[in-house]
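Remarks on the overall topology
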Amino acid sequence: MDVELFLDFDEVTAENQQIALKKFNEWYADGAEVRHNKISFGTLTKLDNSNRFLIDFGYAEPIVAIRNLHARIRNHGVKVFVHFIY
């Protein structure tokens, strides 16, 4: 399943924005890591806006993955908008 994520940094300080982007990249790297008995994410494509991403979750559970992303960046004031694409 493909999902478009928009990270809204309107109410975020520059310092927290950098931290949130780092945690976003760590989240994707953890999900894309290939290991035995683990379902991995597919591709990550950065879209025209630097805060928009297209993610192919492959066979991973998108709701669990988005919940995990929310847990990592919510304390930094970032809003995540999700658009599910089939």
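Notes on the structure follow. Given the structure is predicted, the values throughout are model-derived calculations rather than measurements.

**Concerning the environment of E26**
Turning to its location among the elements, E26 is positioned in helix α1 (residues 14-32). Expressed as a C-alpha distance, the spacing of E26 and R72, which sit 46 residues apart in the sequence, is 9.4 Å.

**Digging into the layout of surface pockets**
Counted as a void, the largest pocket has a volume near 200 Å³. Elements represented by at least two residues in the lining of the largest pocket include exactly α1 and α2 (62-73). Residue composition of the lining of the largest pocket, by class: 6 nonpolar, 2 polar and 6 charged.

**Quick look at a nonpolar patch on the surface**
A cluster of nonpolar residues, M1, I63, V82, F84 and Y86, forms a patch on the protein surface that exposes about 520 Å² of accessible area. Structurally, I63 can be placed in helix α2.

**Some thoughts on the pattern of salt bridges**
Scanning the model with the defined rule gives 6 salt bridges in all. Of the charged contacts in the structure, one is a salt bridge between D30 and R72, with a shortest N-O distance of 2.8 Å. Taken together, the residues D30 in helix α1 and R72 in helix α2 connect sequence positions 42 residues apart. For D30, a relative accessible area of 38% gives the class partly exposed.

**Details of the environment of D2**
Turning to its location among the elements, D2 is positioned in strand β1 (residues 2-8). Separated by 56 residues in the primary sequence, D2 and G58 place their C-alpha atoms 7.8 Å from one another. Not counting residues up to four positions away in its chain, the partners in contact with D2 are L54, I55, D56, H83, F84 and I85.

Conventions we followed
Residues numbered from 1 in each chain as written. Predicted model: local features only at pLDDT ≥ 70, side-chain atom pairs only at ≥ 80, totals over all residues. Heavy atoms only, no water. Helix = DSSP H or I, 4+ residues; strand = E, 2+ residues; numbered from the N terminus. 1 Å grid on protein atoms, 1.4 Å probe; cavity = no way out; pocket = protein on both sides within 12 Å on 5 of 7 lines; lining within 4 Å. Points joined across faces, edges and corners; volume = space filled by probe spheres on them. Nonpolar A, V, L, I, M, F, W, Y, C, P; charged D, E, K, R; others polar. Patch = residues over 30% accessible without salt bridge, like charges linked within 9 Å, V, L, I, M, F, W, Y side chains within 5 Å. Areas by Shrake-Rupley, 256 points an atom, 1.4 Å probe, with all protein chains shown as cover. Salt bridge = Lys/Arg side-chain N within 4 Å of Asp/Glu carboxyl O. Buried < 20%, exposed > 50% of the residue type's maximum accessible area, 1.4 Å probe, protein only. Contact = heavy atoms within 4.5 Å.

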